[in-house]
Amino acid sequence: MRPWYTFLSVVAVLVFSWASLTSGCNKALCASDVSKCLIQELCQCRPIDGNCSCCKECMLCLGTLWDECCDCVGMCNPKNYSDTPPTSKSTVEDLHEPIPSLFRALTEGETQLNWNIVSFPIAEELSYHENLVSFLESNAQLQQQNKSLPSNSIFAPFDKENMCTVVYFDDCMSIHQCKVSCESMGASKYRWFHNACCECIGPECIDYGSKTVKCLNCMF
């Protein structure tokens, strides 16, 4: 049997075994480097079984691809490629010195600026709240007890017909720029999506606006 044929057979077996055992890894990115490391037998140990004798050598072999490909050789936990997309994740923060009159003035009527103004009922906003049922129950109990609540409390009485107004900037921006931009227009809070879409939240909103990305040039 020719040496090159034997070599190709070994490679084929290794690649087939790797593909069968690591169906969740990023084969398009990792195939070449993982195959090289497997052929050199640098990633044969199994940390999950307490054997990390080859971990350093395997990491050096994969180099800059270690973070993306370590699961392909059984060195780390499998990546969750079905995880929610960046547009489903966000960071929210209250702004300490909102200017409600400024926000309302900037969001009245049509605008030629690079942002999109969206208004929706507060009841719709609250539907995003994870604990909506307990929130409504607590709100009703507190109102029955005639307790005075601060106007900015999430449990303060509210009119379900009121509208929550938010502003989405058209273009992507950093979380710092999102905060600064929302502060400059008098917003009460902001939501920065992990795809870099920025949402400024108005004073009438009870929670943190909408969880839907609507930045025209920053949707993915």
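Structure first, text after, so check above.
These lines cover the structure that appears in this document, whether it is placed above or below. Note that the coordinates shown come from a computational prediction; the quantities given were computed from them, not determined experimentally.

Reading guide: rules and limits
Residues numbered from 1 in each chain as written. Predicted model: local features only at pLDDT ≥ 70, side-chain atom pairs only at ≥ 80, totals over all residues. Heavy atoms only, no water. Phe/Tyr/Trp six-rings, centres within 6.5 Å; stacked < 30°, edge-to-face > 60°. Helix = DSSP H or I, 4+ residues; strand = E, 2+ residues; numbered from the N terminus. Buried < 20%, exposed > 50% of the residue type's maximum accessible area, 1.4 Å probe, protein only. Disulfide = S-S within 2.5 Å. Core = buried A, V, L, I, M, F, W, Y, C linked by side-chain atoms within 4.5 Å. Contact = heavy atoms within 4.5 Å. Bend = angle between axes of the 7 residues up to and from the residue. Pairing = 2+ DSSP bridges. Axes fitted to C-alpha atoms, helices over the stretch in contact; angles between N-to-C directions.

Some details on the packing of aromatic side chains
Using the criterion set out here, one finds one aromatic pair in the structure. When the ring of Trp115 is compared with that of Phe169, the centres are 5.7 Å apart and the planes differ by 80°; the resulting orientation is edge-to-face. In this pair, Trp115 is assigned in strand 2 (residues 115-121) and Phe169 in strand 3 (residues 163-169), connecting sequence segments 54 residues apart. Considered together, Trp115 and Phe169 belong to a single accessibility category, that of buried residues.

So, the state of the cysteines
Applying the stated criterion across every chain, the model contains eleven disulfides. Disulfide pairing places Cys178 opposite Cys198 at an S-S distance of 2.1 Å. Measuring the twist about the S-S bond at about 80°, one finds the Cys178-Cys198 disulfide to be right-handed. Taken together, the positions of Cys178 in helix 8 (residues 175-184) and Cys198 in strand 5 (residues 198-201) put the pair 20 residues apart, joining distant regions of the chain. Here the two residues Cys178 and Cys198 agree in accessibility, since each one is buried.

Some remarks on the nonpolar core
Soluble globular proteins tend to bury their nonpolar side chains together. Val166, Phe169, Cys182 and Cys200 are the most contacted members of the largest nonpolar core, which has 29 residues in total. Among the secondary structure elements, those contributing two or more residues to this core are strand 2, strand 3, helix 8, strand 4 (189-193) and strand 5. Top contributing element to this core by residue count: strand 3, with five residues. Setting aside residues no more than four positions away along its own chain, Cys182 makes contact with Leu95, Phe169, Ala187, Lys189, Tyr190, Cys198, Glu199 and Cys200. Formed by 19 residues, the second largest nonpolar core is a distinct cluster that contains Cys25, Cys30, Cys58 and Cys61.

Quick look at helix 2 (residues 27-39)
Each α-helix winds once per 3.6 residues, and so residues spaced three or four apart point in a common direction. If you look at helix 2, its biggest bend is around 30°, right at Asp33. Looking at helix 2, one finds that the buried residues are Cys30, Val34, Ser35, Cys37 and Leu38. One or two residues past the end of helix 2 sits Glu41, with phi positive at roughly 55°.

Description of the sheet that holds strand 1 (residues 90-94)
Pairing is antiparallel in the open sheet, where five strands are placed in the order 1-4-5-3-2. Across the chains shown, the open sheet's two edge strands, defined by having one partner strand only, are strand 1 and strand 2. The mean inter-strand angle of the sheet, taken between neighbouring strand axes irrespective of direction, is 20°. Alignment of strand 2 against strand 3, held across seven bridges, turns out to be antiparallel. Looking at strand 3, one finds that Ser119 is bridged to Thr165. Packed onto the sheet, helix 8 meets strand 1, strand 3, strand 4 and strand 5 and runs at close to 155° relative to strand 4.

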